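Chains, contacts and geometry: an overview
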Amino acid sequence: MSDDHGHDHPKHELSYYAKRIYAMRDLLIEKGVISEKDIQCQIEYQEARTPANGARLVAKAWVDPAFKARFIADPKAACQEIGIDATAINEFVVLENTPQVRHMVVCTLCSCYPRPILGRPPDWYKSFNYRQRSVSDPRGVMREFGLELPDEVEVRVHDSTADIRYIVMPMRPAGTEGWSEDDLAKLVTRDSMIGVMDALPSLPE
Amino acid sequence: MTPASGRFNPGDRVTVKFEDRPGHLRTPWYVRGKHGWIERVYGDFLNPELLAFGKDGLPKKTLYLVGFDYDEVFGTGQGPKDKVLVDIYDHWLEPLA
């Protein structure tokens, strides 16, 4: 592989894995398996999937009880209804938080995550620390995210080990009656849809 | 979801097999050998233990949501009602009398 093959590599020192990825990318292009354009399209596709998709779903479910029922009964159809492409997900389950029950999602075996509606997982979601402590000490993890729950609340930790992808539907914050869906969506953070915290109580500054 | 062909129904008590072997196993260590219950039946899915090695994944395996109490899995330390719920395939489960 020469250095003269039409695209730039980072100039700084690369990690072992980064070097390996660039080497594989160059070989795949050199052998005609994929093209530069394929890679660019894929990057754009990945970047277009963000937690804003999940936030739109949750905000709509908050204001529209019929949509909420459809979202819970058939999440993929609900996504399609508002123009979110969730076809890449095999099966998709909505976990509804209530004053009595909080859900939290982890994949202890790897980093399974509902990417079409939440985008790429945050680094902490993939860390060994989160993957271990979310199951062994979920209340401790929630506390670090600022959520302190009384004992009578039931915490349900979902270990997403197989074909199902989970999204938590956080509770609608008090005092948001009459808000627009767009404003409500701003309260629905990525972390609230993983379930480590509640939705924001007020609009971020 | 596809109709399920598996052996268990919601509410059934189950034990997760305590097994280990090389391969793409989707049953976490911390629940192997533990007692739980079928919370939900998700349907039949291609077997990831075969798919991971380029095979067709057939026959399909029924996937369940299996619930565990904290006392059973991790001992104490969490809220009295807290639960861990894990997606587990039929062939990893045994009926618990």
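What counts, and where the lines are drawn
- Residues numbered from 1 in each chain as written.
- Chains lettered and ligands numbered in written order.
- Predicted model: local features only at pLDDT ≥ 70, side-chain atom pairs only at ≥ 80, totals over all residues.
- Heavy atoms only, no water.
- Core = buried A, V, L, I, M, F, W, Y, C linked by side-chain atoms within 4.5 Å.
- Buried < 20%, exposed > 50% of the residue type's maximum accessible area, 1.4 Å probe, protein only.
- Helix = DSSP H or I, 4+ residues; strand = E, 2+ residues; numbered from the N terminus.
- Contact = heavy atoms within 4.5 Å.
- Buried area = accessible area lost by both parts, 1.4 Å probe.
- Salt bridge = Lys/Arg side-chain N within 4 Å of Asp/Glu carboxyl O.
- Polar contact = N/O pair within 3.5 Å; in protein donor to acceptor, adjacent residues only side chain to side chain.
- Nonpolar A, V, L, I, M, F, W, Y, C, P; charged D, E, K, R; others polar.
- Pairing = 2+ DSSP bridges.
- Domains from an automatic or database assignment.
- Axes fitted to C-alpha atoms, helices over the stretch in contact; angles between N-to-C directions.
- Lys, Arg positive; Asp, Glu negative; His and termini not counted.

Section: the nonpolar core
If you look at the biggest cluster of nonpolar residues, it comprises 75 residues, and the most contacted ones within it are Phe71 of chain A together with Ile88 and Leu93 of chain B. It is helix H3 (residues 51-63) of chain A that provides the largest number of residues to this core, a total of six residues.

Remarks on the interface of chain B and chain A
With 25 residues of chain B at the contact, the number on the chain A side is 28 residues. The junction of chain B with chain A conceals about 2,100 Å² of combined surface from both sides, 50% of it contributed by carbon and sulfur atoms. Remark: the boundary between chain B and chain A carries three salt bridges. For Arg139 of chain A, the salt bridge goes to Asp82 of chain B, with nearest N and O atoms at 2.6 Å. The tally of links from chain B across to chain A stands at 19 residue pairs in polar contact (both at pLDDT 80 or more). Counting residues per element, the ones that place at least two in the side of chain B that touches chain A are strand E2 (35-45), strand E3 (61-69), helix H2 (70-74) and strand E4 (83-89) of chain B. The leading source of residues in the side of chain B that touches chain A is E4 of chain B, at six residues. Looking at side-chain class alone, the side of chain B that touches chain A contains 15 nonpolar, three polar and seven charged residues. In terms of strand pairing, strand E3 (residues 154-159) of chain A meets E4 of chain B through four bridges, oriented parallel.

So, the domain arrangement of chain A
Split into domains, chain A comes out as domain 1 (16-47) and domain 2 (51-194). A separation of 31 Å is found between the C-alpha centroids of domain 1 of chain A and domain 2 of chain A.

Observations concerning the sheet that holds E3 of chain B
Across the sheet, which stays open at both edges, the seven strands sit in the order E2(A)-E3(A)-E4(B)-E3(B)-E2(B)-E1(B)-E5(B) with mixed pairing between neighbours. Bordering the open sheet on either side are strand E2 (101-106) of chain A together with strand E5 (93-95) of chain B, each of which pairs with just one other strand. Averaged over neighbouring strand pairs, the angle between their axes works out to 35 degrees when direction is ignored. Against the sheet, helix H8 (residues 128-136) of chain A touches E2 and E3 of chain A together with E4 of chain B, its axis set at about 150 degrees to E2 of chain A.

So, unusual backbone geometry
Following Leu58 of chain B, the chain continues to Pro59 of chain B via a peptide bond in cis, the omega torsion being -5 degrees. Along the chain, the position of Pro59 of chain B falls in the loop between helix H1 (48-51) and E3.

Observations regarding the environment of Ala66 of chain A
Residue and element names in this part refer to chain A. Summarising the element assignment, Ala66 is placed in helix H4 (residues 65-73). Relative accessible area serves as the criterion here: at 43%, Ala66 is assigned to the partly exposed category. Separated by 20 residues in the primary sequence, Ala66 and Gln46 have C-alpha atoms spaced 30 Å apart.

Remarks on the side chain of Asp44 of chain B
All names here are of chain B. Following the sequence through the fold, Asp44 ends up in strand E2. Here Asp44 occupies a buried position and makes no salt bridge, while the nearest side chain of opposite charge, Lys60, is found at 7.0 Å. Among the polar contacts listed, one links the side chain of Asp44 to the side chain of Thr62, at a separation of 2.6 Å.

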